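# A closer look at the structure
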Amino acid sequence: MPVIEYSGVEIKLDDEGYLANFNDWTDRVACGIAENEGIEELSKDRLEIIRFMREYYINYKAFPILGAVCRNVHKPDDCVNEAFIDPLKAWKIAGLPKPSEEVVSNLNR
């Protein structure tokens, strides 16, 4: 199991870069995962998107529809793609578990 270090915090990831323990997530952990994914900075807007995605998952045990994420954080409809390029990176940064193949295939439509 890979471990990365960010700002003095050890972050355990699975082999694909998803957070190993859902409950280990903090804003600092999010920043470490973002850096690991090649995103240099989590701006206030990016962190707002990440927090919403995480809260949605906690409340509904499902991955949020990307357009709904943007509407709920009062951003343009393509805010996730615009902010992160790849929604899977946003999900990793939010500390969410790896999505099923069905979820991934719906993203590619």
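The rules behind each value
- Residues numbered from 1 in each chain as written.
- Predicted model: local features only at pLDDT ≥ 70, side-chain atom pairs only at ≥ 80, totals over all residues.
- Heavy atoms only, no water.
- Helix = DSSP H or I, 4+ residues; strand = E, 2+ residues; numbered from the N terminus.
- Rg over C-alpha atoms; globule rule 2.2 N^0.38 Å.
- Buried < 20%, exposed > 50% of the residue type's maximum accessible area, 1.4 Å probe, protein only.
- Contact = heavy atoms within 4.5 Å.
- Areas by Shrake-Rupley, 256 points an atom, 1.4 Å probe, with all protein chains shown as cover.
- Core = buried A, V, L, I, M, F, W, Y, C linked by side-chain atoms within 4.5 Å.
- Phe/Tyr/Trp six-rings, centres within 6.5 Å; stacked < 30°, edge-to-face > 60°.
- Pairing = 2+ DSSP bridges.
- Salt bridge = Lys/Arg side-chain N within 4 Å of Asp/Glu carboxyl O.

Of the regular secondary structure elements, the protein chain holds six helices and two strands. On C-alpha atoms alone, the protein chain measures out to a radius of gyration of 13 Å, which is about the 13 Å that the 2.2 N^0.38 rule sets for 109 residues. Projected onto the principal axes, the alpha-carbon positions of the protein chain cover approximately 35 × 30 × 25 Å. In the protein chain, which comprises 109 residues, the proportion classed as buried is 41%. Looking at the protein chain alone, contacts between residues at least 24 apart form 49% of all its contacts between residues at least 6 apart. Per element, the accessible surface of the protein chain, about 6500 Å² overall, is 45% carbon and sulfur.

In this section: the nonpolar core. Counting 31 residues, the largest nonpolar core has Ile 11, Leu 19, Ile 33, Ile 50, Met 53, Trp 91 and Ile 93 as its most contacted members. Taken together, the elements giving at least two residues each to this core come down to α1 (27-36), α2 (44-60), α3 (66-72) and α5 (87-93). Here this core takes six residues from α2, the largest share from any one element. Those residues in contact with Met 53, other than ones at most four positions away along the chain, are Pro 64, Leu 66, Val 69, Ala 90, Trp 91, Ala 94 and Leu 96.

By convention here, two paired aromatic rings are described through the distance between centres and the angle between planes. Applying the stated criterion to the full structure yields five aromatic pairs. Note on Phe 22 and Tyr 57: the rings are 5.9 Å apart at their centroids and 45° apart in plane angle, and the pair reads as tilted. Here Phe 22 is found in the loop between β2 (9-12) and α1, whereas its partner Tyr 57 is found in helix α2, with 35 residues between them in sequence. Looking at Phe 22, the relative accessible area reads 25%, which means it is partly exposed. A network of ring pairs unites the aromatic residues Phe 22, Tyr 57, Phe 63 and Trp 91 as a single cluster.

What follows is about the pairing of β2. Summarising the sheet, strand β1 (residues 3-6) and β2 pair through four bridges and their orientation is antiparallel. Within the sheet, the bridge partner assigned to Ile 4 lies in β2 and is Ile 11. Between the antiparallel neighbours β1 and β2 lie two residues, among them Ser 7 with a positive phi of about 50°.

It is possible for side chains of opposite charge to pair when their charged atoms get near one another. Inspection of every chain in the model, using the stated rule, returns three salt bridges. Between Glu 16 and Lys 98 there is a salt bridge whose closest N-O contact spans 2.9 Å. Linking Glu 16 in the loop between β2 and α1 with Lys 98 in the loop between α5 and α6 (101-107), this pair joins segments that are 82 residues apart in sequence. By relative accessible area, which is 43% here, Glu 16 ends up partly exposed. Classification of Lys 98 by relative accessible area gives partly exposed; the value is 40%. For Lys 92, the salt bridge is made with Glu 37, and the minimal N-O distance between the two is 3.4 Å. Linking Lys 92 in helix α5 with Glu 37 in the loop between α1 and α2, this pair joins segments that are 55 residues apart in sequence. For Lys 92, a relative accessible area of 13% gives the class buried.

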